[in-house]
Amino acid sequence: MRVFSIRSFGLAACAALSLVVAAPVSAQNGLAGAYLAARHASYFSDYKAAAQYYTQALARDPSNPNLMESALLAFTGLGQVERAVPIARRMVQGGLNSQAAHLVLMADQLKRGAFDAVLEDAEAGRSIGPLVDNLISAWSHFGEGRMSEALAAFDAAAGQAGLAVFGLYHKALALAAVGDFEGAAELFSGDDGRALLVTRRSVLADVEILSQLERNPEAVTLIDDIFGLELDPGLSDLRDRLIAGETLPFTTIRNAQDGAAEVFFTVAGALNGEANDTFTLLYSRIAEYLRPDHVDAMLLTASLLEAQEQFDLATAAYLQVPNDDPAFYAAELGRAKTLEESGRTEAAIEVLTQLSKSHSGVVLVHVSLGDMLSRLKRYGEAVVAYDQAAALFGEPEPSQWVVYYARGIALEREKRWPEAEADFRKALELQPDQPRVLNYLGYSYVEMGTNLDEALSMIERAVEGRPDDGYITDSLGWVLYRLGRYQEAVPPMERAAELLPIDPIVNDHLGDVLWAVGRRLEAEFQWKRALSFDPEETDAQRIRHKLDVGLDKVREEEGLAPISVANGD
C-alpha cells in the first residue's frame, strides 16, 4: 500500500497537464495555427509534433509563459532535456515561478556537477517538493564531500510523514557508496522497525551489499524469498555467481550524480499509476538524462510512452537497452509489443524470433512469440513456439498451466483435438479450478455435443470462480440449452447479455434460448441485434435464415431434434 501523497513530490499535476490546457494565445502573426497544432499534438501526447509546433509558436511570441512551459514539457517528454534547459533558464530569468522550469534547471546543474549551485538555489527557496528537495540536497552535500550534512538531509527526508522508506533507502545507498556496507545493511534489514522501500532495484542493491559483507548465502535467500525460483536470466546469473562465492561489486550508486538520478527514478516509480503519465515521464526522463545507463529508467520511460500510445517513441526507448544487459530480453519483449501495436506485426515477429534464438532458455520469450502468432491466427507456428516453451519445463509448477492452455487453444484451432484436449487436461491438473480452462474445455465439449454432463459441471465451476465473466456465463446458458434444459438456460443467458450487451455471439445465443421457451419476438430481436454488431463474428447466414424461417426449421434442416421433442414437450 502506498502511503505517500503525490503532493509531497511537488510539481503540481497542472504543470504537467499544461500541455493540453494551456491558456489561449493571440492569433496575430500566424501564431494561432502553430498553437492549435501544438495543443492538438499535446492532447494525444505526441511530444515530437508538440515540440515542433510550440517552438514555432515561441518564435512568434517568445515571452509567452504558457508556450514556454508547454514547450519545455514537450522536449522533456521527447527525452531532449538539454533543449528544455534554455527555455527553463529564460523562464526563471523572466521571473516566472515554474516548478517544471526549476526541475529542469536542477537537472542541468546536477548533470554538470554544480552541486553548490543546487544547494544555493535551495537556500534561496527554490523548491520542487519536500521529498525531492531533501534528497537532492543530501546527494548534493554528498557530491561536495560533506557526508555529515548529507546524512542529516537524508534523515530529514525520512522524517516526512509517509515518506520514511524513501529517505532511508537513499541513506542506505549513500552509506554503501562510501563503503559503509554494515550501516547500509542495517538499514536494509529494517532492524529499527522501519521497513525499507521494496522494489526489484532496492532488492538488488541489498544483494550487492550483502555480498560485499561476505554474506552471499543471505543474498541468495533474499533472491529466493522475493523473486521465487523462476528467475529471469539476469537474476539467475546473479544467483549463480553468489552461490559460486563471487563477491559482487556495488554498482547501484557510483557517485552523487547517480544518486540524484536515483531520486528522480524513485519518484517516477512511486508516481507510476498514481499520477498523470506526462507528469511521471518528466521524472523518468530526467533520471535517464542524469544517468544514461539507467536501464530501469529506460524501461519505465518506454512503458509510460506505450501507455500513451506513443509507440514509435516507446520502441526507440526500448532500443536504448544494450544487448549485453540482463534486461535486454525484457526490452525486446516490450519492443515487440510496441511494434505490434503500431501495426508492424512482421517486424514484431522478427524481434521475437531472433530473441527466441539468443535467449532460447527463457520460457517467457517462446510464450510471447506463441501468443503473438495466435493473435494473428497463425496457430500452427504458435504451437511450435509453445512446444519450445514447454520443453524448458522442469518439475511441474502450477504457473505452467497457462502454456498448456494457450497451446491447447492453438491445437484446437488447428483441428488437432486429441492433443488439444490433453493440454487442457494437463492445465487443469496443474490448476484444477482455473475458470478459463474449465470454460474453454467445457464449451468445446458442448460445441462437439459430447461429454455434456461433464461440460456442465466444468462450466458451473468456472462461473463460480468468475461470476461476472460474461463469456463464461454465456457458456453456462449455452450448455443448458444444448442439454435441452431451456427454462434453466434463460437466466444465465440474460445475465451474459447484461454483462456483454454488444457481443454478437452472446446475443445470438440468447435469441436461440428465448425462441426455445416460446419468446419468439424477443428471439428475433436478439438475432437482429447480433447482426447489427459484427456479422463477421457470427454465422450471419444462419442467423438470417433463422429470421426467415424460424429456429425450428433451421434445426430440422440441420438434422437436429425439434425443440419441442428435445424439451420433452
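About the cut-offs
Residue positions are counted from 1 within each chain, in the order its sequence is given. In view of the model being predicted, local features appear only for residues whose pLDDT reaches at least 70, and side-chain atom pairs are presented and counted only at 80 or more, with totals across whole chains, interfaces and linings using the full set of residues. Just so you know, side-chain values use all the structure's heavy atoms and leave hydrogens and water out. The score called pLDDT rates the predictor's confidence residue by residue, from a low of 0 to a high of 100. Helix and strand assignments follow DSSP, with helices taken as H or I runs no shorter than four residues and strands as E runs no shorter than two, numbered in order from the N terminus. Nine residue types can take part in a nonpolar core, namely buried Ala, Val, Leu, Ile, Met, Phe, Trp, Tyr and Cys, and a core is a set of them joined through side-chain atoms within 4.5 Å. Here's how the labels work: a residue is buried when its accessible area is under 20% of the maximum for its type, exposed when over 50%, partly exposed in between, all with a 1.4 Å probe on protein chains only. It only takes one pair of heavy atoms within 4.5 Å for two residues to be counted as in contact. Only C-alpha atoms enter the line fits that serve as axes; for helices the fit covers just the stretch in contact. Angles between N-to-C directions range over 0 to 180 degrees. Small angles under 35 degrees read as roughly parallel and large ones over 145 as roughly antiparallel, with 65 to 115 read as roughly perpendicular and the rest as oblique. The hand of a helix crossing depends on one turn: near helix anticlockwise from the far one by less than a right angle means left-handed, and clockwise means right-handed. Criterion for a salt bridge: a side-chain nitrogen of Lys or Arg within 4 Å of a carboxyl oxygen of Asp or Glu.

(A) Representation of the confidence of the model for the chain in the model. Per-residue pLDDT for the chain averages 90, and the proportion of residues at 70 or more is 92%. Mean pLDDT per element in the chain: helix α1 (residues 13-21) is the minimum at 39, and helix α22 (residues 379-390) is the maximum at 98.

(B) Focus on the nonpolar core. Judged by nonpolar contacts, the single largest core of 103 residues is most densely connected at L72, L110, I136, I209, F264 and Y283. For this core, the leading source of residues is helix α15 (residues 256-271), giving ten residues. With near-sequence residues (within four places) excluded, I136 lies in contact with M106, L110, V118, A260, V263 and F264. Of all hydrophobic cores here, the second largest spans 77 residues; its members include L339, L373, Y440 and L514.

(C) The side chain of Q109, seen in detail. Tracing the backbone through its elements, the reader meets Q109 in helix α6 (residues 99-112). Aside from chain neighbours lying at most four places away, what touches Q109 is A114, A117, V118, D121 and R126.

(D) Main features of the packing of α6 against α15. The geometry of α6 relative to α15 is characterised by a closest axis approach of 10 Å and an angle of 155° between their N-to-C directions. In terms of axis orientation, α6 runs roughly antiparallel to α15. Judged by the twist between their axes, the crossing of α6 over α15 is left-handed. Packed against α6, whose contacting residues are L103, M106, L110 and K111, the element α15 presents Q257, A260 and F264 at the interface.

(E) Region of the structure containing the pattern of salt bridges. Tallying each qualifying case throughout the model produces 41 salt bridges. Of the charged contacts, one joins D224 and R239 as a salt bridge, the two residues approaching to 2.8 Å between their closest N and O atoms. One end of the pair, D224, is in helix α13 (residues 216-227); the other, R239, is in helix α14 (residues 233-243), and 15 residues separate them in sequence. When its relative accessible area of 21% is taken as the criterion, D224 is described as partly exposed. The salt bridge partner of K546 is D508, with a shortest N-O separation of 2.7 Å. Here D508 lies in helix α29 (residues 504-516) and K546 lies in helix α31 (residues 540-549), a separation of 38 residues in the sequence.

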